[in-house]
Amino acid sequence: MDFKQIKSDEQQYMMHSYGRFDVALVEGKGAVAKDIDGKEYIDFTSGIGVNSLGFCDDGWVKAVCGQASKLQHISNLYYSPVQTELSKKLCGLTGMDKVFLCNSGAEANECAIKIARKYSFDKYGKGKNKILTLVNSFHGRTVTTLAATGQETFHNFFFPFTEGFVYAEANNINDFKAHIDENVCAVLVELIQGEGGVMPLEPEFVKEISNICAEKDILLMVDEVQTGVARTGKFLCCENYGIKPNIVTLAKGLAGGLPIGACLCDKALADVFAPGTHGTTFGGNPIACAAALEVLSRVSTDEFLCDVRKKGKYIIEKLSEFPNVKGTRSIGMMIGIITEKDNAKEIAAKCAEKGLLVLTAKNLLRLLPPLTITREETDRGLEILKSVMEE
Ligand SMILES: *Cc1c(COP(=O)(O)O)cnc(C)c1O
């Protein structure tokens, strides 16, 4: 099969929900992928922040294959030692009390929204069910998480959306306060708006909303689907801000390339769900859990986290000498580049032609390299990026 055949089959047999680069990848190792013709690409995307340990890391492959040859799935009617081990590890690393395992970021956020509404219903009865999110946020593609997403362009076609979401401007404490009333039961935020253009929230704003939530018995829920699991040089991005939310959601990088999501809650919310109130067929899949355990054992050491911060800093320093770079926004290895010529999409396409995979977010270039990327792979990628920026 050649590229042309793959592309034409995609157009004939797959729904057209994605705009794709003209690249068909078939294998990879570390931060290097190979396409169907054997051409190499340096990967600055990790599959949108998913492949935390790069392609086919030896330890990860061993964990996945080991579990696949032992037991692949059992349903949630039975106990699973990999599920319990993963949940215990996640609680230990985050200081949260309990975990619900699911399959994606949107599902983890759906779970958070359901916990918030049931907690409020149990305590206050009907009525206090509004959830405040931020303008320019992104929380997923299900009908409810689209409603949670604070961008008008996502509130189309699929009416009626789930009711009960209000949107406040990021970093505007007065606008935030103006949207808080006695019917708000929870606040859901990304600490760095990823899809929204790599926009970190201001620490002052985050501290203030955290205080307001605590004061008014409003749950603070942080969507760490993109920022979590060491991406920002701390296990949770919350640690960069010194906050302790009531709920944290994880997904993308958690299992290093297998579908997984996790919703973590604190002690006060531990008993909100009872048998029958929430569930999933695939959630907590043993192979995904085994993969996640390998990721956690690797990325949670002080040494690894310090390395992530150093790698991020190195890339930012290099970028500051590049042509066409107007500025950067980043924490750890979650990096946004503002271009002088406002031509991020064009640059991303040219990079792919030259053997470098990069992302965009709004009109920014976005880099989410595998956390294990080597200096040599980084330099190879940056060289290609520089040559394209010079054009
Ligand atoms: C990617 C993302 C999601 C959605 O995750 P899916 O796994 O695609 O459902 C939700 N929130 C944030 C912050 C994300 O970056």
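All residue numbers refer to position in the chain's written sequence, counted from 1. This being a predicted model, a pLDDT of at least 70 is required before a residue's local features are given, and a value of 80 or more before pairs of side-chain atoms are given or counted; all residues contribute to the totals for chains, interfaces and linings. Only hydrogens and water are removed before side-chain values are computed, so all heavy atoms of the structure are retained for them.

It is worth spelling out the domain arrangement of the protein at this point. Residue ranges assigned to the domains are those given by an automatic or database domain assignment. Here the protein is partitioned into domain 1 (3–57 + 302–389) and domain 2 (71–299). A separation of 26 Å is found between the C-alpha centroids of domain 1 and domain 2. Contact between two residues is taken to exist if any of their heavy atoms lie within 4.5 Å; hydrogens are not considered. Listed per partner, the contact involves 26 residues of domain 1 and 29 residues of domain 2. Roughly 2,300 Å² of surface becomes buried between domain 1 and domain 2 when both sides are summed, with 60% attributable to carbon and sulfur atoms. A simple way to read buried area is as the amount of 1.4 Å-probe accessible surface that goes missing from two parts once joined, with both sides added. Among the residues domain 1 hides against domain 2, the three largest losses belong to I331, M334 and K362. Together they make up 28% of the total. Salt bridges are counted wherever a side-chain nitrogen of Lys or Arg sits within 4 Å of a carboxyl oxygen of Asp or Glu. Across the domain 1-domain 2 interface, the total number found is two salt bridges.

Our next topic: the nonpolar core. To form a nonpolar core, buried Ala, Val, Leu, Ile, Met, Phe, Trp, Tyr and Cys residues must be joined to one another through side-chain atoms within 4.5 Å. Three labels apply to residues, based on accessible area from a 1.4 Å probe with only protein chains included: buried if under 20% of the type maximum, exposed if over 50%, partly exposed otherwise in between. Membership of the largest hydrophobic core comes to 89 residues, with the highest contact counts inside it found for L191 and L385. Numbered from the N terminus, helices here are DSSP runs of H or I no shorter than four residues, and strands are runs of E no shorter than two. It is helix α10 (residues 286–299) that contributes the most residues to this core, 10 residues altogether. Counting only domains with at least three residues in this core, you end up with domain 1 (3–57 + 302–389) and domain 2 (71–299). Sequence-distant contacts of L385, that is, excluding residues within four places in its chain, are made with L319, F322, I337, I347, C351, L356 and L365. Membership of the second largest hydrophobic core comes to 27 residues, among which are A116, A186, C263 and C265.

A separate point is a nonpolar patch on the surface. Candidates for patches are residues over 30% relative accessible area with no salt bridge; among them, like charges are joined within 9 Å and nonpolar side chains (Val, Leu, Ile, Met, Phe, Trp, Tyr) within 5 Å. We get accessible surface area from the Shrake-Rupley algorithm with a probe of 1.4 Å; when it comes to residues, only the shown protein chains can shield them. Taken together, the side chains of V143, F157 and F158 make up a nonpolar region of the molecular surface, amounting to roughly 340 Å² of accessible area. Tracing the chain through its elements places F158 in the loop between α6 (143–148) and β6 (165–168). For F158, a relative accessible area of 48% translates into the label partly exposed.

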